[in-house]
Amino acid sequence: MLQHPQSSRASVARAFPLVLLALALALTLPAAGRNKKSASADAPKPGDQRTKVYLDISKIVWPNPPAIARIRFVDLFTGQKVDPTLFASKKAKQKWMDRLAGAQSADQVDMSKLPYQLLRPFGVAFDSKGRVYTADQGVAAIFIFDPETKSVELIGNGSHANFGLILGLAIDDNDRIFVSDTKLHRVLVLNAKHEQEASIGMDMLANPGGLAIDKDNRFLYVVDTGNDVVDVFDADTFKLLRKIGKSSRKHTQTDPGTFSLPTNVALDREGNVYVTDTFNNRVEIFDADGNFISMFGKNGDGPGEFERPKGIAVDADGHIWVVDSAQDRVKVFDRDGRLLIYFGTHGDYPGQFRAAYGIAIDNKNRVITSETFPGRLQLFRYVTDAEAADEKARREGAEQKSAEAVVPEQKPAALPSQGTAVMENKNSAAH
């Protein structure tokens, strides 16, 4: 039925207040519902025991208390400090055609301002100032961390030198940097100013890996993984002096004194040479002239066995630290191959590892490790045998004083009285 225009306007006028009321209710009721839902979501549920956990890194030690700690976690490094404002949401300016099509503008991050972060660090070393160096294949750069100031420097590809796939790292007393490059088949030498000084072994190295420097005898040890040997160079003239092991490209050698895909090398104070024979899952020891001495280790997942040993270092007491890459553990042995202690497992917490690789120890008994999956370094402190002995003596002295304070000293007067009584009994018996 058609209505007269005037009557229709009158009906609309009468209904207008009701429309406003309905609209107000429609706007307020859902909001109230949303607030109620949000409040109920934020409210703790029955049995919800979530709490914030703070990790006291000063208590991360091995072995666990009350035993005397021999290894202490100190710090970890991943790169430069991240500025959160770099990741603030920034909308790109849209063109008029995008706006007309209804396209959404994407959040943008200025990649040029991102801090330098570790991606795949491998070799590690300390310089004379106690700074930590690592060769990062992913960034194609050498990172320099200062544990005291927390600052980070970078020896970049192209700006200081040309890198392919850098791997091993060593630093001498003059802070010259030796870095192996598996892609360019060489060891690059940089001076203390990070300027390229020399290039070693391009005509002989297949896949150079771990490096070590005998600072007293001026020898540079280069593990050539591709040739299954360790090449020994003069650290100043860069002349090849000798080879340790037997050259092979088949990686099937198992005899003592030979290698199958070795990866890293370390030295002790006497100049003895320690090599991780990775594919044979063992450590081989040679004297300073390259003569075979002994070896230890075999394949297995036990604490004293290996599954792809990689990094190796020797501490001030002559203990041998070996990074087991497959087990993500660091194992410490004596010269005879007896396991003394180990730490680590798969994980992301301090003291855990993912694809652990390199290790180095400085003259302050600090231990640095690298791992390639999270892209980070971890710093530990080795408690020496002398320090552990001092701590043991301190504890025993404290226990002695505590015992003397609790138990009063016995008076010796009781002994003569007992002796007198005995003598009297003897006299009475004689009568």
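What you are looking at is a predicted structure, and each value in this text was computed from that prediction instead of being measured.

A.B. asks: Run through unusual backbone geometry, naming residues and quoting values.
C.D. replies: For the peptide bond that leads from Trp62 to Pro63, omega is -10°, which places it in the cis range. Topologically, Pro63 is positioned in the loop between β1 (61-62) and β2 (71-77). The peptide bond linking Pro65 to Pro66 adopts the cis configuration, its omega dihedral lying at 10°. For Pro66, the location among the structural elements is in the loop between β1 and β2. For His194, which is not a glycine, the phi torsion comes out positive at approximately 65°. Mapped onto the fold, His194 is located in the loop between β9 (186-190) and β10 (196-200). Positive phi is not limited to glycine here, since Asn281 has a value of about 55°. The class for Asn281 is buried, based on a relative accessible area of 4%.

A.B. asks: Give me the lowdown on the confidence of the model for the protein chain, citing residues and values where you can.
C.D. replies: Looking at the protein chain as a whole, its pLDDT mean stands at 84, while 74% of the residues score no less than 70. Every residue in residues 1-42 is under pLDDT 50, and counting partners more than four places away or in other chains gives 2 contacts. Counted against residues more than four places away or in other chains, residues 413-431, with its pLDDT under 50, gives 0 contacts.

A.B. asks: Which residues make up the packing of aromatic side chains, and what are the values?
C.D. replies: The tally for this structure, following the rule as stated, stands at 16 aromatic pairs. Ring centres of Phe219 and Tyr221 lie 6.5 Å apart, and the angle between their planes is 80°; this geometry places the pair in the edge-to-face category. Accessibility expressed as a relative area gives 0% for Tyr221, which makes it buried. One aromatic cluster in this structure is built from Trp62, Phe73, Phe343, Phe353 and Phe380. The ring of Phe219 carries Arg242 above its face, with NZ or CZ at 5.0 Å from the centroid.

A.B. asks: Quick rundown of the sheet that holds β10? Include the residues and the values.
C.D. replies: The 4 strands are arranged β7-β8-β9-β10 in an open sheet whose pairing can be described as antiparallel. Only two strands of the sheet have a single neighbouring strand rather than two, namely β7 (166-171) and β10. On average, each strand axis in the sheet is tilted by 20° relative to the strand beside it, whichever way the strands run. Of the strand pairs in this sheet, strand β8 (residues 177-181) and β9 are connected by 5 bridges, and their pairing is antiparallel.

Calculation criteria
Residues numbered from 1 in each chain as written. Predicted model: local features only at pLDDT ≥ 70, side-chain atom pairs only at ≥ 80, totals over all residues. Heavy atoms only, no water. Helix = DSSP H or I, 4+ residues; strand = E, 2+ residues; numbered from the N terminus. Buried < 20%, exposed > 50% of the residue type's maximum accessible area, 1.4 Å probe, protein only. pLDDT = per-residue confidence, 0-100. Contact = heavy atoms within 4.5 Å. Phe/Tyr/Trp six-rings, centres within 6.5 Å; stacked < 30°, edge-to-face > 60°. Lys NZ or Arg CZ within 6 Å of the ring centre and 35° of its normal. Pairing = 2+ DSSP bridges. Axes fitted to C-alpha atoms, helices over the stretch in contact; angles between N-to-C directions.

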